[in-house]
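Descriptive analysis of the structure
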Amino acid sequence: MNYLSAENISKNYSERWLFRNINFGISKGDKVALVGQNGAGKTTLMNILAGLIPSDEGTVSIRKGISVGYLFQNPDFDENLSVMDTLFTGDSPANQALKMYEKAMENPEDSDLLSDALEMMDKHDAWDYESRVKQVLGKLGIHDFERKISQLSGGQRKRVAMAKVLIEEPDLMIFDEPTNHLDLETIEWLEQTLSAQNITLLLVTHDRYFLDRVCNNIAELDNGTIYPYRGNYSYFLEKKAEREASEAASIDKAKNTLRTELEWMRRQPKARGTKAQYRIDAFHELKDKASQTKDDSKVTLNVKMSRQGSKILEIEGLNKGFGNQKIVENFSYIFQRKDRIGIIGKNGIGKSTFLNMITQNLQPDSGSITTGETVVYGYYTQGDLDFKPGDKVIDVIKDIAEVVTVGTGETISASQFLTHFKFEPKVQYAAVDKLSGGEKRRLQLMKVLIKNPNFLILDEPTNDLDIQTLNILEDFLIAFGGCLLLVSHDRYFMDKLVEHLFVFEGDGQIRDFPGNYTDYREWLEENEITLGEKPKVKSEPVSTNNHKLEPSVQVSTTKRKLSFKEQKEYDDLGKAIEKLEKKKAELTERLNNGGSYEDLTAWAKQIEETTNELDEKELRWLELSE
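Residues numbered from 1 in each chain as written. Predicted model: local features only at pLDDT ≥ 70, side-chain atom pairs only at ≥ 80, totals over all residues. Heavy atoms only, no water.

Once that is clear, we can look at the sheet that holds strand β5 (residues 68-71). Reading across from one edge, β5-β6-β7-β3-β8-β9 is the order of the six strands in this open sheet, with mixed pairing throughout. Each edge of the open sheet carries a strand with a single partner, namely β5 and β9 (225-229). Adjacent strand axes in the sheet meet at a mean angle of 15°, parallel and antiparallel pairs treated alike. As paired elements, strand β8 (residues 217-222) and β9 share five bridges and run antiparallel to each other. Each bridged residue has a counterpart across the sheet, and for L221 the counterpart in β9 is I226. Together, β3 (31-35), β5, β6 (172-176), β7 (200-204), β8 and β9 form the strand contacts of helix α1 (residues 42-49), whose direction differs from that of β7 by roughly 150°. Its contacts with the sheet put helix α6 (residues 154-168) on β5 and β6, and the angle it makes with β5 is roughly 165°. (Pairing = 2+ DSSP bridges. Helix = DSSP H or I, 4+ residues; strand = E, 2+ residues; numbered from the N terminus. Axes fitted to C-alpha atoms, helices over the stretch in contact; angles between N-to-C directions. Contact = heavy atoms within 4.5 Å.)

Structural data, given as C-alpha cells:
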C-alpha cells in the first residue's frame, strides 16, 4: 500500500535549484533514510513531503486516512504548558477518546455519550494511555512530568517532541536527526523500538549504526537528483560505488562520441541538403551528458599540530559536585602521548562538567589538574557557533588568523583554508546565518583546528555533519598525533577512534575501561549488566600509577592497551598453553616408559599435534603480550 507519493517536485532557493523533477514514494512498512551532503536540501525535501512548505513545481499526495507524525529539528510548543499537558493536547485517536470520556463523566445522564466513550476507550486502548506516556518519557530521559516547556533545554524539547510522535503512533513517522541530543542508552532503545515495530518511517540521520540496523531503504539526494536503494546502509555504500563508476564511464563515452558529432555539426550541408533534425536534437542531449561533472572533492583536514612535551595532563584526587549530586569523586589519571579516550554516560551525568574542569573553565571542589607547558587545547563544544551579526564566513576565520599553517608546514590564506573545507569562494562571502546547520558545525570545527592544537577535546562533534564530512574527520583524527578526548553518541565514530573509555556510572564514579564502545557493550552482556546500570564492584580496585582499574579489566599502562576482546583472548591463551604443556609432558613420559607399537605411534602423533598447537598459541600470546 502506497502511503506517500511525490511527483516531479522542484525547489529553488536564491536562484539555485536545490533539486528538480524528483519522484519519490513511501509504501507501508518502508523505513527510508534520506542521506546526502550538508546543504543538499534534505530538510527542505522532508518539509515539502510533510506539507510544511510548498514545492515550486510538482505535487505531493498522501493516501487518504493516513496520519503523519513529524519530528522537527526545533519543535515549537506552548511555553506555558507542562510536559504532561503537552502530550495530552494532540489529535491522536487515544487523546480524542480521553476527551470524549472526560466529557461523558461531566454529563453522566447522557448514556449514549458514555457508551460511545467507553467504546472509543476500548477501541484505541486508551485506559493505560497515561502510563504509556510516562514510560516513553522515562525512556527518553524526561522524568519531571510537570515541568514547564519554557524551562526545558533544546535537547529536552526535542525528546518531548519525539515522545509525542512515538506515543501517538501515526501511520507514517518523519524524523529529522532523531539521535541528536540522545545518550547512547536512549539511542539503542529508540533503535530497537523503530526496528521491532511494524511502522513506516522516513528519517534523516548521520548515525551509521542506526541507519544499518533500522532502515531497509536508502534515498540519496545528490546534485539535485534522488537515487533510491532498496537495502540497508551497507548495501547502499556498495551500490553507490557501482553507480558512480557507471556514471563516470557513461560521461567519458559521451565525451568521445561528442567529438565525432561535433565535427558533423560543424560541416556545412551539401547543396539542397539539410541536417537531420533528430540528429541535431541527439547532439544537444549528448552535449548535456558530456558536460556533466561529478564533484569528488573532499573536506581535507590538514593542520599543523603544536609540539607536545613529555608532561601532558595529570589529574589527582579530583572531586566535584552540585548540591547533593556527585559529578566526580576521587578521580585520578595521567594522560600519555597519543591517548585516545572516549567518554560515555547518561545525559546530565556530568560529562561536559568534567571537560570544563580539564580546560580550566570550571574549578573542582578539590583535587588538582596539572597541565603541561606545551599543551595547546582545541575544545569543540556543543554550543552554537559564535559570530557577530552580519559576519561573512571568511570574517569568522580572519578574526582568528589571516594566514594558516597546514600540516606540511606551508602557509595558506584564510580563503584557501576555507576552500580546503569545501567553502567555495562564493560561499565565503555569504552571511554566516544563511548557512545550514551542518555548514555552521563545519565552520565551528575550523575555528578549533586553526589554532594548531595538540590536545583535542571534542564534545559531540558529529551532530549535523554529513556522512562524507564524518569520514574525512575520522581519517584526520586517526592520523592526529596528539591526545584525543571524545564525547559522542555516534557509536561507529567512537568504535573507530578510541582505545579506552571513561564510563560515567553515576554518583561520581568513573570507570576506566580498556576497549572501544562495542567492547564495552560485549563486556556488559557477558556480565549480564544492562546499559546504564551501575556495575557491581566485586573486589577492591587496584591502584596503578595512572588511575584505578578493577581487576577484571586491568591492563598494562606502559604499552598500548588491549581491547576487551584481546585481553580476554590473552587470558584464555595463558590457560590453554598451560594445559597443552601439561598434556605434552604426560605424552612424553608415556613414550619414554615404552609400550606397544600401536601405542607408541599414537602417542608420537599426539605429541606432534600438541606441539604444533602449542607453537601457534604461544606465537599469538607473544603478539598480544607485546
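This brings us to the packing of aromatic side chains. Using the criterion set out here, one finds 16 aromatic pairs in the structure. The interplanar angle of 75° and the centroid separation of 5.2 Å between the aromatic rings of F331 and F502 together place this pair among those described as edge-to-face. Here the residue F331 occupies a position in strand β11 (residues 325-334), and F502 occupies one in strand β19 (residues 500-506), the gap between them amounting to 171 residues. Relative to F480, the ring of F476 lies with its centre 6.0 Å away and its plane at 40°, an arrangement referred to as tilted. Like F476, the residue F480 is buried in the burial classification. When the ring centre of W17 is taken as origin, the NZ or CZ atom of R20, which lies over that ring, is 4.1 Å away. (Phe/Tyr/Trp six-rings, centres within 6.5 Å; stacked < 30°, edge-to-face > 60°. Buried < 20%, exposed > 50% of the residue type's maximum accessible area, 1.4 Å probe, protein only. Lys NZ or Arg CZ within 6 Å of the ring centre and 35° of its normal.)

We now examine helix α20 (residues 597-625). If you check α20, its first and last C-alpha atoms are 41 Å apart, about what 29 residues at 1.5 Å a residue would give, namely 42 Å. Here α20 has its buried residues at W603, I607, T610, L614, L624 and S625. (Expected span 1.5 Å × (residues − 1).)

Moving on to the sheet that holds strand β1 (residues 2-13). In a beta sheet, neighbouring strands pair by backbone hydrogen bonds and run either parallel or antiparallel. With antiparallel pairing, three strands are arranged side by side in an open sheet as β2-β1-β4. Because the sheet does not close on itself, it has two edges, and the strands there are β2 (16-27) and β4 (57-62). Neighbour-to-neighbour, the strand axes of this sheet turn through a mean angle of 15°, independent of strand direction. Sheet analysis places β1 next to β2, joined by eight bridges and oriented antiparallel. Bridged to I9 within β2 is I22. Here α1 sits on the sheet in contact with β1, β2 and β4, set at roughly 130° to β1.

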